[in-house]
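# Structure at a glance
As a plain string of letters, each chain reads:
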Amino acid sequence: MTVVEEDDPDHQLSLRAESTLEIDKSTPIDITSSGKKLDIENCVGALQDDSQWEVTWHNGDLDPDNPRSKSRLQKWITTLVVCLASLNVTCTSSIYTSTYDRIIQEWPSTPRLLAISGLSFYISGLGLGPMLLAPLSEFFGRRPVYLVSFTAFIVLLIPCALAPSIAVLLVFRFLSGFAGSAFLSVAGGTVGDMWTGQELSAPMIIYTASPFVGPTLGPMMGGFINGSGEVSWRWTFWVTMIWAGLMLASLFFLVPETYHPVLLRNRARKLREGEGGDPRWWARLERMDRSVTETIVKSCGRPWLLLVWEPMVLLLCTFTAVMLGVLYLFFQAFPLVFRSLHGMTLEQTGLTFLGLLVGMTLGVLTDPWWKRYYNYQITVLGRKPIPELRLPPVVAGSVLVPIGLFWFGFTSKESVHWIVPIIGSALFAMGTLLAYSGVFTFLVDAYPEYAASALAANSLMRSSFAAGFPLFGGKLYESVGMQWGGGILGFITVALGPFPYLFYQYGERIRKHSRYARSN
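To keep things clear, this report deals only with the structure shown in the data block. Just so it is clear, the structure is predicted and the values come from calculations on it, not from any experiment. (Residues numbered from 1 in each chain as written. Predicted model: local features only at pLDDT ≥ 70, side-chain atom pairs only at ≥ 80, totals over all residues. Heavy atoms only, no water.)

Time to look at the overall build of the protein. Assigned secondary structure in the protein consists of 18 helices and two strands. Here the protein, with 520 residues, has 56% of them falling under the buried criterion. Considering only contacts in the protein between residues 6 or more positions apart, those separated by 24 or more positions represent 78%. (Helix = DSSP H or I, 4+ residues; strand = E, 2+ residues; numbered from the N terminus. Buried < 20%, exposed > 50% of the residue type's maximum accessible area, 1.4 Å probe, protein only. Contact = heavy atoms within 4.5 Å.)

The following block contains the structure:
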């Protein structure tokens, strides 16, 4: 989930109603020396220099063209479509894991590790894509980026389905992941464009969950496609392509442009064009003194600065990155546990991922309780609304994650019923979702001027870990066994677990010495 608006304070766009001068829309303003009047039907601005010609929202969020003025039904339809597209993209990452044996069977000279690297290549594309696609959305809007990138995503799946060699398959796995990554970055901005205040929580938790639910669905779908052996493994890609085609049609018909600066720029163009138009109307996006290239360079550079200079960003991002790495490592571990030890088929092994899905669903359902806790701290206990109050879910997640990993690891035995490790995986998944939702909101709250870069740093780290962990997972379990393989991962999360609590207690003091975080 990456916030995509440019976060440089020198270039932030004022979108709130509070920043809009309160002028009655029926009040005419002199716009020429000859005394010509123009009724301000859709535009307001400060009466100095040419700012009276700046196009902004009339009556703020109540403007009929403002995405926040749309009906709840319209906003929910748009939100669910972009979330389902995100689900499609992330499901495509893990559905591939069910094809390893069939790929090796078709190309016998392919080492298993090379087949597994198709998963890592795709995730690498997901991690790098937002560096390019997020800045482009600032100039051209959300909708063009969605339609162009998702069309490219579908087209790039075709070579995957028709690949004549493993090399071709790996190259286009990376490119398809890169094209589909818009929904891990730009889509978060779409949700923020439409919802505000207390309304934002429910849509955002659904959007946050989508990239994690997707990988759990992949093995289930792939197991039924590849388990029988009656159809080619290439149908794995044809099925995801059909799903993506339906999502592209939904995006085209149901998802309008929501990026406020682009909508205001479009309004300014209409006011300048046609009979009776005046060339002096302008929108703030048209006067930005930065190019697309400059924005992309800054988008790529600042996340590294935050990771180097901000210990809270580095450690929280590392913690969440390890959890996503473990989630993708499970695509190696589950077949070893449930196929090798419990004798399950590929279809049955895919269904064992339901434990992860249940755990994440439970995590989503706790969101109202965390909101009440946050409000209780402020309204009843009188605490300041500091960013650290967003961290209790992360603290809870830091407890559940190692418990789930130890549970899964040390119950992965032939003598233990298969449901027991699945319960452990559900605890891990619940803790992971709680940790991610808390870290996302904390980073946005603690680094409001650099929120996009903070979330980009998180995206970069978690994609790097998710791409790397599957490559050594098999060797890890072969070397130390299933029990201690899970145990080692549990100890890593135990080592990182205290940091969310320490930041909850002392984060405000740490931020006072930060060069990027807000200190009040």
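On to the layout of surface pockets. Counted as a void, the second largest pocket has a volume near 620 Å³. What lines the second largest pocket is a set of 29 residues, among which Tyr 100, Asp 101, Arg 112, Gln 332 and Pro 335 lie closest to the centre. Looking at the lining of the second largest pocket, the elements that each hand over two or more residues are helix H2 (100–106), helix H3 (112–140), helix H7 (201–226), helix H11 (311–341), helix H12 (346–351) and helix H17 (451–496). Classifying every residue of the lining of the second largest pocket gives eleven nonpolar, twelve polar and six charged. (1 Å grid on protein atoms, 1.4 Å probe; cavity = no way out; pocket = protein on both sides within 12 Å on 5 of 7 lines; lining within 4 Å. Points joined across faces, edges and corners; volume = space filled by probe spheres on them. Nonpolar A, V, L, I, M, F, W, Y, C, P; charged D, E, K, R; others polar.)

Attention now moves to the pattern of salt bridges. This model, assessed by the stated rule, comprises 15 salt bridges. Between Arg 284 and Glu 54 there is a salt bridge, and its shortest N-O distance comes to 2.8 Å. Of this pair, Arg 284 sits in the loop between helix H9 (260–272) and helix H10 (292–309) while Glu 54 sits in the loop between strand E2 (37–39) and helix H1 (72–95), and the two are 230 residues apart along the sequence. For Glu 54, a relative accessible area of 9% corresponds to the buried category. A salt bridge links Arg 68 to Asp 61; the nearest nitrogen and oxygen atoms lie 3.9 Å apart. Note on Asp 61: relative accessible area 26%, which makes it partly exposed. A cluster of three or more residues bridged by salt bridges with shared partners is formed by Asp 63, Asp 65 and Arg 267. (Salt bridge = Lys/Arg side-chain N within 4 Å of Asp/Glu carboxyl O.)

By the definition in use, this model includes 29 aromatic pairs. Taking the centre distance of 4.8 Å and the plane angle of 70° together, the rings of Trp 53 and Trp 281 count as edge-to-face. Linking Trp 53 in the loop between E2 and H1 with Trp 281 in the loop between H9 and H10, this pair joins segments that are 228 residues apart in sequence. Judged by relative accessible area, Trp 281 falls into the buried class, the value being 6%. A centroid spacing of 5.3 Å and a plane angle of 25° characterise the contact between Phe 150 and Phe 153, whose relative ring orientation is stacked. Linking Phe 150 with Phe 153, this pair stays in helix H4 (residues 142–162), spanning three residues, or about one helical turn. (Phe/Tyr/Trp six-rings, centres within 6.5 Å; stacked < 30°, edge-to-face > 60°.)

In terms of nonpolar packing, the biggest core is built from 116 residues, with Phe 150, Leu 169 and Tyr 447 touching the most fellow members. For this core, the leading source of residues is H11, giving 19 residues. Other than its neighbours up to four places away in sequence, Phe 150 contacts Ala 85, Asn 88, Val 89, Val 145, Phe 183, Ala 244, Met 247, Leu 248 and Leu 251. Val 55, Leu 263, Trp 281 and Trp 282 belong to the second largest nonpolar core, which has nine residues in total. (Core = buried A, V, L, I, M, F, W, Y, C linked by side-chain atoms within 4.5 Å.)

Together, Phe 410, Val 480, Trp 484, Ile 488, Phe 491, Ile 492 and Val 494 make up a nonpolar patch on the protein surface, roughly 590 Å² of accessible area in all. With six residues, H17 is the single largest residue contributor to the nonpolar patch. Within the element layout of this structure, Trp 484 appears in helix H17. Note on Trp 484: relative accessible area 48%, which makes it partly exposed. (Patch = residues over 30% accessible without salt bridge, like charges linked within 9 Å, V, L, I, M, F, W, Y side chains within 5 Å. Areas by Shrake-Rupley, 256 points an atom, 1.4 Å probe, with all protein chains shown as cover.)

Taken across its nine residues, helix H6 (residues 186–194) has eight buried, putting it largely inside the fold. Buried residues of H6: Val 186, Ala 187, Gly 188, Gly 189, Thr 190, Val 191, Asp 193 and Met 194, and no others. Where H6 is buried, its residues meet H1, H3, H4, H7 and H9.

The end-to-end C-alpha distance of helix H8 (residues 235–254) is 28 Å, a good match for the 28 Å that 20 residues give at a rise of 1.5 Å each. Listed as buried for H8 are Thr 236, Phe 237, Thr 240, Met 241, Trp 243, Ala 244, Met 247 and Leu 251. Looking straight down H8, one finds its buried side chains confined to an arc of 170°; they lie on one side. Opposite its buried face, H8 presents the exposed residues Ile 242, Leu 246 and Phe 253, each directed more than 90 degrees away. Those residues of H8 that are buried lie in contact with H1, H4, helix H5 (166–180) and H7. (Expected span 1.5 Å × (residues − 1). Arc of directions from axis to C-beta.)

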